[in-house]
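Summary of the model geometry
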Amino acid sequence: MNRIAIRNGHVVDPSSRVDGVRDLFIASGRIVALGEAPEGFTPEIEIEAAGRMVCPGLVDLSARLREPGHEQKATIASETRAAVSGGVTTVCCPPDTSPVIDTPAVAELVRHRAKQSGRAWVLTLGALTQGLEGEQLAEMAALKAEGCVGVSNAGRPIRNSEVLRRALEYAATYGLTVYLQPRDPWLGQSGFMHEGSVSTRLGLPGIPETSETVELARCLLLIEQTGVRAHFCRLSTARSVEMVADARARGLRVTADVAAHQLHLTEMDVAGFDPMFHVIPPLRTIRDRDALRAGVAEGVITAVCSDHQPHEPETKLAPFNGTLPGISALETLLPLTLRLVDEGAFDLGTALARVTRGPAEILGIETGTLTPGTRADLCVIDTEHAWRLEPDTLLSRGRNTPFRGWEFRGRVTHTLVQGRLVYELR
Amino acid sequence: MNFPGNWNTMQLDAQGRLRHFLTVEGLPRRILTDILDTADSFVVVGEQPVKKVPLLRGKTIVNLFFETSTRTRTTFELAAKRLSADVLNINVSTSATAKGESLLDTQKNLEAMHTDMFVVRHQHSGASHFMAQHAAPHVSIINAGDGQHAHPTQAMLDMLTIRRHKGAFDSLCVAIVGDILHSRVARSQIHALNTLGVGEVRVIAPRTLLPVDIESLGTRVFTSLSQGLAGVDVVIMLRLQKERMQSALLPSEHEYFQRYGLTEEKLALARPDALVMHPGPINRGVEIASSVADGPQSVILRQVSYGIAVRMAVMSMAMGRSPGARETAAKEPE
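Per an unreviewed UniProt entry, chain B goes by the name Aspartate carbamoyltransferase and belongs to Thioalbus denitrificans. The annotation that UniProt attaches to chain B under Pathway (unreviewed entry) is "Pyrimidine metabolism; UMP biosynthesis via de novo pathway; (S)-dihydroorotate from bicarbonate: step 2/3."

For chain A, an unreviewed UniProt entry supplies the name Dihydroorotase and the organism Thioalbus denitrificans.

Structural data, given as structure tokens:
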């Protein structure tokens, strides 16, 4: 199956500014032409895409696949299957697996399992500190050699500022991007939701905005000092967007992402104590949500990710603060992003850029584009297909979603990874 | 703020009658007044030689306490027994939950034993809502305190105490003093007072003990006890948990008592006939001076005895067996 033609699709590729009806041709896992078929091209498979959109496969900066260590929640095989059904062709796995990805052997294990599952690309972030304990530096050079695309301490704090500084310096030595999830280890450490009027009413201990911004400020100063390339994960507040924008204006090499659910939900959604809305960072105010949307529109935030965290049902079957945070989100990344276009938050090109080329550039990989010559990771979307989300129909092993019953428009019909059809809607 | 949590679909049945009692917030004034009126009729039961009425005969009530409590559990138990119900006390330290069983499994197992009502105290806010969501159709849930969220029967016994001493609510100014941040009692009191139409609700505490945006619940905030007490009709003191003073919330017991402890001098700033209340147990010399706790304006022990009447009222209403229930049902159109 080397040669594929996708006919008459509405090709949208923000990275090459293509937006129109085109034929697309694939051979040997790469895109060989857009528009006219190369001379002598005889497709083995033809996909009729009239009335549908053809776009680069989504690149997701953060998806917990739960393997190794928590296979009762999900596996690399189950979650990559869910990924491709949602148009996601590349997922990046943070290092907080069990054991932690702080040795080349664990990184190799994840890579091996991903290869066995044979669907989406699975990239790994290596640990910034050993065991993510924030004390000893991880063997970053070895992790890079094993294919880790960056280093991170996931959501775990590095309390000691000297350790953080040295970790950033060491990562800079090897040209590694550091992925930082800003959360002060003390402010709001016992909290479960945004600290504000809703947490006051519910009597749920709060996590103040400063939990994020205080840590962001510390990181920015150390990034400036060390010159490392850094990426801020899962911003949740308006003030954070301003701080990152200011830092970029000052020339710091920083980027940022936001989880798709943060662009839709707010603290008000927690008011019924539904544990499906329990996430870290917490859902914040309407003002924060609007600022995050503006940050995405203006390009301060260049990636929207799923922050996929599948859980087994029991984990959410308890009172709110007896549950684990997280949403099973791989299959809602694209629908939630397209919905923002319908809501007028930004245009289609911007929306797709933030889930394709934007995250690919942060990861430093060639995908997320339909430029001829690049790897054929792409999806076909029936943009008029209206559907309703029912958790039982999710392919992810985690059914923990707060979007039960939400109406969406747009559904992936085909997903190709390296020119291979890995998902087809039936 | 328009609060989106619509709990009344859960708390009230299709006829608008109390089914569960989870929170005061959002309940209509008529329900609160019904609770107080029904409780009034139960106050005399405790004063009779035979302290029982047969309203809940044959019903089984489970006191499911995940946090230690002597006073609240005892008053619920007495209330249930005075309604002639059978009462089961589940001590969490010996329960299956301590062996890893989930709250839901515990609930379902007890429901399978044909129980009719759970009185629940839990360390997590929203725990009683969770149980109400999963309750069998014939089972009622009464919140006996969930995390820092609500303690609705405590608030209603405070309302009964105020009404029996002051009559109407509308002209009153009520001050709540102390650890508002961690207090489920204060949150329920604020909702109850506002729903019953009280003139003004004040909260008085250092900023470390005030939750963010407490004004949005309908309160006026004071950080000075002297200023906050001026002209109030009711002073509700909250218990200060001594362990919290070890953290960064307060510098010392001594300083707290100096600034926020209710002494006779401070009380003199309130109206001369001001009531002094406290949900108990009290820390003498920490939040309140003994002379005030035992003084002529204190109604602290009355609160305790009214607590039984209020809990009898809530239990009987939730079981559709309050003294006025038949009458009310008879008046309803076909």
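**Considerations on the overall build of chain A**
What chain A contains, in helices and strands, is 11 helices and 18 strands. Computed over its C-alpha atoms, the radius of gyration of chain A comes to 21 Å, within 12% of the 22 Å expected for a compact globule of 426 residues. For the C-alpha atoms alone, the extent of chain A along its principal axes is close to 65 × 50 × 45 Å. Expressed as a percentage of its 426 residues, the buried residues of chain A come to 61%. Here the contacts in chain A between residues at least 6 apart in sequence split such that 74% fall between residues at least 24 apart. Chain A carries 45 positive and 52 negative side-chain charges, and their two centres are separated by 1 Å.

**Brief notes about the domain arrangement of chain A**
Size of an interface, as often reported, equals the accessible area lost when the parts are brought together. Residue and element names in this part refer to chain A. For chain A, the assigned domains are domain 1 (3-54 + 379-389 + 407-424) and domain 2 (56-374). Between domain 1 and domain 2, the C-alpha centre-to-centre distance is 28 Å. With 30 residues of domain 1 at the contact, the number on the domain 2 side is 32 residues. Here domain 1 meets domain 2 over a buried area of about 2400 Å², counting both sides, of which 66% is carbon and sulfur. Linking domain 1 with domain 2 are two salt bridges. A salt bridge links aspartate 342 to arginine 409, with the shortest nitrogen-to-oxygen separation between them at 2.8 Å. Of all the secondary structure elements, the ones that give two or more residues to the side of domain 1 that touches domain 2 are strand 1 (3-13), strand 3 (30-34), strand 5 (53-56), strand 16 (378-388), strand 17 (407-417) and strand 18 (420-424). Among the elements that line the side of domain 1 that touches domain 2, the one with the most residues is strand 17, at eight residues. Tallied by class, the residues present in the side of domain 1 that touches domain 2 amount to 20 nonpolar, five polar and five charged.

**Digging into the packing of helix 9 (residues 333-342) of chain A against helix 10 (residues 348-355) of chain A**
All names here are of chain A. Direction vectors running N to C along helix 9 and helix 10 enclose 155 degrees, while the axes themselves pass 9 Å from each other. Of the possible angle classes, the one that applies to helix 9 and helix 10 is roughly antiparallel. Here helix 9 and helix 10 pass one another in a crossing that is right-handed. Between helix 9 and helix 10, the residues in contact are Leu333, Leu334, Thr337, Leu338 and Val341 and Leu348, Ala351, Leu352 and Val355, respectively. Among the residues forming the contact of helix 9 with helix 10, the class breakdown is eight nonpolar, one polar and no charged.

**Looking at the UniProt feature "domain: Amidohydrolase" (unreviewed entry) in chain A**
On the UniProt side, "domain: Amidohydrolase" (unreviewed entry) is annotated at positions that read residues 247-423 of chain A here. Secondary structure across residues 247-423 of chain A divides into 23% helix and 20% strand, with the first and last C-alpha atoms of the span separated by 41 Å.

Reading the values: the criteria
- Residue positions within a chain follow its written sequence, with the count starting from 1.
- Chain labels run from A onward and ligand labels from 1 onward, assigned in the order the entries are written.
- Per-residue local features are limited, in this predicted model, to residues with pLDDT of at least 70; the limit for side-chain atom pairs, both in listing and counting, is 80 or more; totals at the level of whole chains, interfaces and linings are taken over all residues.
- The side-chain quantities take in all heavy atoms of the structure and omit both hydrogens and water.
- UniProt positions are given in the numbering used here, feature names are shortened, and annotations may be inferred rather than shown by experiment.
- Put simply, DSSP H or I for four residues or longer makes a helix, DSSP E for two residues or longer makes a strand, and each gets a number counted from the N terminus.
- Our radius of gyration looks at C-alpha atoms and nothing else; its globule reference is 2.2 Å times the residue count to the power 0.38.
- Remark: exposure states derive from per-residue accessible area (1.4 Å probe, protein chains only) relative to the maximum for the residue type, with buried under 20%, exposed over 50%, and partly exposed in between.
- Every residue pair with non-hydrogen atoms within 4.5 Å of one another is taken to be in contact.
- By the counting scheme adopted, Arg and Lys are positive, Glu and Asp are negative, and His together with the chain ends is not counted.
- By convention, the point assigned to a charge is CZ for Arg, NZ for Lys, CD for Glu and CG for Asp.
- The domain boundaries here were taken from an automatic or database domain assignment.
- When two parts are put together, the accessible area they lose, computed with a 1.4 Å probe and summed over both, is reported as buried area.
- Each reported salt bridge corresponds to a side-chain nitrogen of Lys or Arg within 4 Å of a carboxyl oxygen of Asp or Glu.
- Classification used: nonpolar for Ala, Val, Leu, Ile, Met, Phe, Trp, Tyr, Cys and Pro, charged for Asp, Glu, Lys and Arg, polar for all others including Gly.
- Axes here mean lines fitted to C-alpha atoms, for a helix over just the part in contact, with angles spanning 0 to 180 degrees between N-to-C directions.
- Orientation categories follow fixed angle ranges, with anything under 35 degrees roughly parallel, anything over 145 roughly antiparallel, 65 to 115 roughly perpendicular, and all other angles oblique.
- If you view the pair so one helix is near and one far, a crossing is left-handed when the near helix is turned anticlockwise from the far one by less than a right angle, and right-handed when it is turned clockwise.

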